[in-house]
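Structural overview
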Protein chains: 2
Amino acid sequence: MSAFQEYSSRDPENFLQKVKDLVSEKKLLSERFDKGKKVVEFAHPDQLELKLGLDIQPNSATTLELEDICQKVVKYSVKTGAPTFYNQLYHAVDTYGLAGSWLSDALNTNNHTFEVAPVFIVTERSVIQYIMNKFGFKTGDGIFSPGGSISNMYGMVLARHKRFPDIKQRGLLGSEKPLVVYTSEESHYSVVKGANWLGLGTDNVIKVKTDDRGRLVPAELERAVEQSKCEGKIPFFLNATAGSTVMGAYDDLEALSVICQKHEIWLHVDACWGGSAILSKRHRHLLKGSDQADSIAWNPHKMLGAPLQCSPFIVRHPGLLHEANCAAATYLFQQDKFYDVSYDTGDKSVQCGRKVDAFKLWFMLKARGENYFETLIDNTFEQASYLHKLVESTPGFRPAFTFGFNCTNVCFEYLPLRFRDQAETSEWKDELSKIPPKIKETMIKEGSLMIGYQPLPFKNKKNFFRMVLHCVPPPTKEDMEHIVQEIDRCGRNL
Amino acid sequence: MSAFQEYSSRDPENFLQKVKDLVSEKKLLSERFDKGKKVVEFAHPDQLELKLGLDIQPNSATTLELEDICQKVVKYSVKTGAPTFYNQLYHAVDTYGLAGSWLSDALNTNNHTFEVAPVFIVTERSVIQYIMNKFGFKTGDGIFSPGGSISNMYGMVLARHKRFPDIKQRGLLGSEKPLVVYTSEESHYSVVKGANWLGLGTDNVIKVKTDDRGRLVPAELERAVEQSKCEGKIPFFLNATAGSTVMGAYDDLEALSVICQKHEIWLHVDACWGGSAILSKRHRHLLKGSDQADSIAWNPHKMLGAPLQCSPFIVRHPGLLHEANCAAATYLFQQDKFYDVSYDTGDKSVQCGRKVDAFKLWFMLKARGENYFETLIDNTFEQASYLHKLVESTPGFRPAFTFGFNCTNVCFEYLPLRFRDQAETSEWKDELSKIPPKIKETMIKEGSLMIGYQPLPFKNKKNFFRMVLHCVPPPTKEDMEHIVQEIDRCGRNL
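Residues numbered from 1 in each chain as written. Chains lettered and ligands numbered in written order. Predicted model: local features only at pLDDT ≥ 70, side-chain atom pairs only at ≥ 80, totals over all residues. Heavy atoms only, no water.

On to the overall build of chain A. If you tally the helices and strands in chain A, you get 17 helices and 12 strands. Based on the C-alpha atoms only, the size of chain A along its principal axes is roughly 75 × 70 × 45 Å. For chain A, the proportion of its 494 residues judged to be buried stands at 67%. Taking contacts inside chain A between residues at least 6 apart in sequence as the whole, the part at least 24 apart equals 74%. With the model as given, the accessible surface of chain A reaches about 16000 Å², and the carbon-plus-sulfur share is 49%. (Helix = DSSP H or I, 4+ residues; strand = E, 2+ residues; numbered from the N terminus. Buried < 20%, exposed > 50% of the residue type's maximum accessible area, 1.4 Å probe, protein only. Contact = heavy atoms within 4.5 Å. Areas by Shrake-Rupley, 256 points an atom, 1.4 Å probe, with all protein chains shown as cover.)

The subject of this paragraph is the pattern of salt bridges. Applying the stated rule across the entire model yields 74 salt bridges over all chains. Ionic pairing is found between B:R282 and B:E382, a salt bridge with its closest N-O pair at 3.2 Å. Of this pair, B:R282 sits in the loop between β6 (266–270) and β7 (295–297) while B:E382 sits in helix α14 (residues 370–393); the two residues are 100 residues apart in sequence, bridging distant segments of the chain. Beyond isolated ion pairs, a larger network of salt bridges with shared partners links A:E115, A:K337, A:D344 and B:K440. (Salt bridge = Lys/Arg side-chain N within 4 Å of Asp/Glu carboxyl O.)

Mapped onto the fold, B:Q309 is located in the loop between β7 and β8 (311–315). For B:Q309, a relative accessible area of 3% translates into the label buried. Engagement of the side chain of B:Q309 in a polar contact is seen with the side chain of B:D357, the distance being 3.1 Å. Filtering out sequence-adjacent residues up to four positions away, B:Q309 remains in contact with A:Q309, A:K355, B:P146, B:H301, B:K355, B:D357 and B:K360. (Polar contact = N/O pair within 3.5 Å; in protein donor to acceptor, adjacent residues only side chain to side chain.)

A few words now on the pairing of β8(B). In the case of a regular strand, side chains alternate between the two sheet surfaces. Residue and element names in this part refer to chain B. With 5 of its 5 residues buried, β8 lies for the most part within the structure. Both strand β2 (residues 141–145) and β8 contribute to a ladder of 5 bridges, which runs antiparallel. Counted as the bridge partner of S145 is S311 from β8. Inspection of the sheet shows β7 paired to β8 by 3 bridges, in the antiparallel sense. The residue of β8 that forms the bridge with S295 is V315. (Pairing = 2+ DSSP bridges.)

Once that is clear, we can look at the relation of the copies chain A and chain B. Both copies of the chain are related by one operation, a rotation about an axis with a shift along it. Of the transformation placing chain A onto chain B, the axial shift is 0.0 Å and the rotation is 180°, giving an RMSD of 0.0 Å. Here the copies are linked by what is in effect a two-fold axis. Within chain A, the C-alpha atom positioned nearest to the axis of rotation is that of A:L198, 2.0 Å from it. When the interface residues of chain A are mapped onto chain B, 100% of them again fall at the interface, so both copies present the same face. (Least-squares fit on C-alpha atoms with pLDDT ≥ 70 in both.)

On to the UniProt feature "modified residue: N6-(pyridoxal phosphate)lysine" (unreviewed entry) in chain A, then. All names here are of chain A. Annotation from UniProt places "modified residue: N6-(pyridoxal phosphate)lysine" (unreviewed entry) at K302. Within the element layout of this structure, K302 appears in the loop between β7 (295–297) and β8 (311–315). Given the relative accessible area of 16%, K302 is considered buried. Those residues within four positions of K302 in sequence are excluded, and the remaining contacts are L89, Y90, C272 and W273. (UniProt positions renumbered as here; feature names shortened; annotations may be inferred.)

Residues and elements named next belong to chain B. For helix α11 (residues 253–263), every residue scored as buried is listed here: L253, L256, S257, I259, C260 and H263. Along the long axis of α11, the arc covered by the buried residues comes to 165°, so they all point the same way. The exposed set on the far side of α11, more than 90 degrees from its buried face, consists of V258, Q261 and K262. Packed against the buried residues of α11 are α7 (148–163), α10 (218–230), β5 (234–241) and β6. In the stretch just after α11, E264 is the one whose phi turns positive, near 60°. (Arc of directions from axis to C-beta.)

Okay, the side chain of B:D347 next. For B:D347, the position within the fold is in the loop between α12 (320–325) and α13 (358–368). Judged by its relative accessible area of 5%, B:D347 is buried. Here A:K193 takes part through its side chain, which lies 3.0 Å from a polar atom of the side chain of B:D347. Discounting residues that sit within four places of it in the chain, B:D347 has contacts with A:Y189, A:K193, B:H322, B:N325, B:C326, B:A327, B:A328 and B:F333.

Between chain A and chain B, the contact holds 165 residues from the first and 166 residues from the second. Counting each side, the surface lost to burial between chain A and chain B is near 15000 Å², with a carbon and sulfur contribution of 64%. The tally of links from chain A across to chain B stands at 6 salt bridges. Between A:K366 and B:D55 there is a salt bridge, with its nearest N and O atoms 3.9 Å apart. When its residues are assigned to classes, the side of chain A that touches chain B shows 89 nonpolar, 46 polar and 30 charged. (Buried area = accessible area lost by both parts, 1.4 Å probe. Nonpolar A, V, L, I, M, F, W, Y, C, P; charged D, E, K, R; others polar.)

Before going further, it helps to spend a moment on the sheet that holds strand β12 (residues 461–468) of chain A. All names here are of chain A. Read from one edge of the open sheet, 5 strands run β1-β11-β12-β10-β9, paired in mixed fashion. Sheet topology places β1 (85–86) and β9 (397–399) at the edges, where each strand pairs with a single neighbour. When strand β11 (residues 450–456) meets β12, the two strands line up antiparallel, connected through 4 bridges. Residue pairing in the sheet places Y453 in a bridge with F465 of β12. Across the face of the sheet, helix α16 (residues 435–446) comes into contact with β10 (409–414), β11 and β12 while running at roughly 165° to β11. Its contacts with the sheet place helix α17 (residues 477–491) against β1, β9, β10, β11 and β12, and it is angled at close to 25° to β10. (Axes fitted to C-alpha atoms, helices over the stretch in contact; angles between N-to-C directions.)

To continue, consider the packing of helix α4 (residues 63–76) of chain A against helix α5 (residues 95–107) of chain B. For any two helices packed against each other, one specifies the inter-axial angle together with the distance between the axes. Orientation of α4(A) relative to α5(B), taken along the N-to-C sense of each, is 20°, at an axis distance of 11 Å. Considering the angle they form, α4(A) stands roughly parallel to α5(B). As for how α4(A) packs across α5(B), the hand of that crossing is right-handed. On the side of α4(A), the interface is formed by A:L66, A:C70, A:V73 and A:V74, while α5(B) contributes B:Y96, B:L103 and B:L107. A per-class count over the contact of α4(A) with α5(B) returns 7 nonpolar, no polar and no charged. (Parallel < 35°, antiparallel > 145°, perpendicular 65-115°, else oblique. Left-handed = near helix turned anticlockwise from the far one by under 90°.)

Attention now goes to the state of the cysteines. Residues and elements named next belong to chain A. Using the criterion set out here, one finds 0 disulfides over all chains in the structure. C310 takes part in no disulfide bond, and the closest cysteine sulfur, belonging to C272, lies 11 Å away. For C310, a relative accessible area of 0% translates into the label buried. Sulfur of C490: no disulfide; nearest cysteine sulfur belongs to C411 and is 20 Å away. (Disulfide = S-S within 2.5 Å.)

This paragraph deals with the domain arrangement of chain A. Residues and elements named next belong to chain A. Taken domain by domain, chain A holds domain 1 (108–368) and domain 2 (371–491). The centre of domain 1, based on its C-alpha atoms, is set 31 Å off from the matching centre of domain 2. Listed as interface residues are 29 residues of domain 1 and, on the opposing side, 26 residues of domain 2. Here domain 1 packs against domain 2, burying approximately 2400 Å² in sum over the two surfaces, 61% of which is carbon and sulfur. Counting across the domain 1 and domain 2 interface gives 4 salt bridges. (Domains from an automatic or database assignment.)

We now examine the nonpolar core. Within soluble globular proteins, side chains that are nonpolar tend to cluster in buried spots. Of all hydrophobic cores here, the largest spans 212 residues; its most connected members are A:L103, A:F363, B:L103 and B:F363. Not counting chain neighbours up to four residues away, the residues in contact with B:F363 comprise A:F15, A:L66, A:I69, A:C70, B:Y96, B:A99 and B:G100. Grouped together as the second largest cluster of nonpolar side chains are 58 residues, A:V191, A:A195, B:V157 and B:I234 included. (Core = buried A, V, L, I, M, F, W, Y, C linked by side-chain atoms within 4.5 Å.)

Looking now at the packing of aromatic side chains. Tallying each qualifying case throughout the model produces 49 aromatic pairs over all chains. Measuring from centroid to centroid gives 5.0 Å for A:F338 and B:F42, while their planes differ by 55°, and the two rings are tilted. On the criterion of chain membership, the pair formed by A:F338 in the loop between α12 (320–325) and α13 (358–368) and B:F42 in the loop between α2 (13–25) and α3 (45–52) is interchain, its members lying in two chains. With centroids separated by 6.0 Å and ring planes inclined at 65°, the aromatic side chains of B:F135 and B:W298 adopt a geometry described as edge-to-face. You can see B:F135 sitting in helix α6 (residues 118–135) and its partner B:W298 sitting in the loop between β7 and β8, a full 163 residues away along the chain. B:F135 sits in the buried class, given a relative accessible area of 2%. Residue class for B:W298 comes out buried when judged on its relative accessible area of 3%. Aromatic rings pair up to connect A:F15, B:Y96, B:F120, B:F359, B:W362 and B:F363 into one cluster. Directly above the aromatic system of A:F401 lies the positively charged group of A:K461, at a separation of 5.5 Å from the ring centroid. B:R125 extends its terminal NZ or CZ atom over the ring of B:Y343, reaching a point 3.8 Å from the ring centre. (Phe/Tyr/Trp six-rings, centres within 6.5 Å; stacked < 30°, edge-to-face > 60°. Lys NZ or Arg CZ within 6 Å of the ring centre and 35° of its normal.)

As structure tokens, then:
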């Protein structure tokens, strides 16, 4: 026993102060990030493994060693809060969101019964109600899940349970016909992964064609549904996308809801990326029809800057989350408690232990107020528009798509000098597709900028750049100009 | 734009310092928790909603208001770090684990590609290797999941994919026969929830009888497997439990692995609760045979005190995680990168975005060293033994089971004075089963102690208390004595 008594004399709580100091001193948080700093200090995996000293020893490390590790962790981590990080759909963390995260982590609470998580249970309930109101749900329920992929699975499970409640007990083998899921070719791959996990089978995910903006074509959906019926299958679930990953497309929820109602199909909206527009009077029209959805997944940890993971899922049918998921464990959800046990939310979840995520979102909304986030979102859309104009007007750049841009995704191609004014043969295209990886390698090794690139085979597109603009830190015109200049600098003579 | 420029002048980073100060000042962390303080300041849900002021306003809250909220959050939250909190399988957070959590939250990194999460990807890889070594896996792979329930689902999905790889595409409807899952009647309810989600059906989860210690009876498993075969079903998955939720039972992994091999059944071990014993030379024998498992789920956020959520899942078959889960999204997992893309782990996961959890565990292991945790675990088992002796020797108390205790779960009954020396009729038993809720209500309202109680119908048991001992803060003899005294004080005259 003396070993740990001795050890605690090291006063580990002081270490939290060191972490706080490191975060401040290195300006990890967005608001103060020094634009001159590198977005990443790149090291290959094997180099990094050596630098960090990953092996676990029988004895404790010294405080100095631990501080050195923390310094290295910061040094070699990607500065996701930098105004030069646009590599993914998330970005910097909102500082009040982070404060909420630190506090709830210190309280180390499991969000499954009111008994152990009183504050966090009422916070989750309240913020779920707030989100339902925003998306236009008059009744319903919701839960925070560990991410958008699992939220999309919640949607599929609830849809399945509402229509075929027997499957919970009997399993899918008992079904007479395969259940079919529809989603656009532009949609997130989690729909396919979910169909695999849930036993539906990836063959039963029909990828519906999209229009030139990347939106699911309603007429194509109708056709696909009719075809499934002819093949003896059961259309049961549509995953509509509000802000697709690459093109930023918002599917037409109003048109799709009509088709879904007609064919008794559950309308789920994957608004993980684009859902934040709901907080802006100017942009919420993109989600028109969301009140008709059966369920919606939103990730405020993406555009809005809530700390990762922060994934509310809402459903328009009260009681269904519980019905579809309950297992009524007697050691946890006793009914003979002295408080209102409807506050014990754990049995609505597919998880048992569940991290507190709602509080982070609630606290940042409370701290900043709605107007602040509306201003942020409007600014982000404006900067996307400005970047798009730069891409149109700067030599060597051109938009990847004729329609312009959706959401805050600005997709573009860059042509080094030798590619300009050439016939665009298939050899030319093949050669050009090697350019984004090269530019990216240079940028990452220099630590100057991180932007994603990818092909889009179903639009017959080879590698192009995709800028995804976030709210935190608020992007500026100078940031947009830097992007264009930096790509041009790295790519001009390739 | 001025709205958020103005706002950032409030210097939100200072708020992180306030959180740090609040955590220290209120002694939220285990090592310094003042034993005189309440484990909870109870308020009913409706009261709490009023106190917190949950509504979101258009405008920002003042810093004073936010500080007040944080004070209330701490005041009304359960002090899970108190030496009087034993209500769940988790407890206080290890301070170095928390430091790792705070640092990785500030870096706000998504653990899915080396590109964006270099430090955390190599840390996860290294700590997974460490865990595989501990459990005796010579080869394999692993991933951190958002909790034990999802880890158990990983096990089922991998088992299904290894034996019936076509199901990924075709779905379960294509199977000829139902797939059957076996688990003990003592096992965690997530196995049932998982079977629902994965489309197997809860009817196809066979709950196998346990012996007097709560261990799955191997002969009963054999019988159940034979019966499933007679019924034309396919036995494919056994969930063995290493440390069951209520009784703390460790199934006999060696005996079960023989049966599994004979019948081509995947052996998954749910070691979420009891897996921490693997770090102790004295107690690791409880997990003998773990090297024969196909997959193992462990939650260091339970007994070991890692911050919630921290759930490594390991599998003995290299490549299978990737094969079973990959969807090869072209916008994320490009193969034309300039570094070793085998470090991009995202496609092994059912998630896309994934919180950094591995770093917290790695950092606390690094900071404290293995010996420290071994000492902690040994102490926890010793204190469980001491509590069991107290229960045997203190008037009014008696063990719930004749065998004593498993793991660090001490189950016992308490008899108020009027129940003692009475004939134990069924009326007497009914009346006694109302006592634990009453004692618990008193204890919670006074904030003196939190312990779980539950019935165990399949062992013909009505409500009894269940003490689950954790490593952090290290339990002491005085703590154990306090528990017995406190229950006696609250219950003696009921």
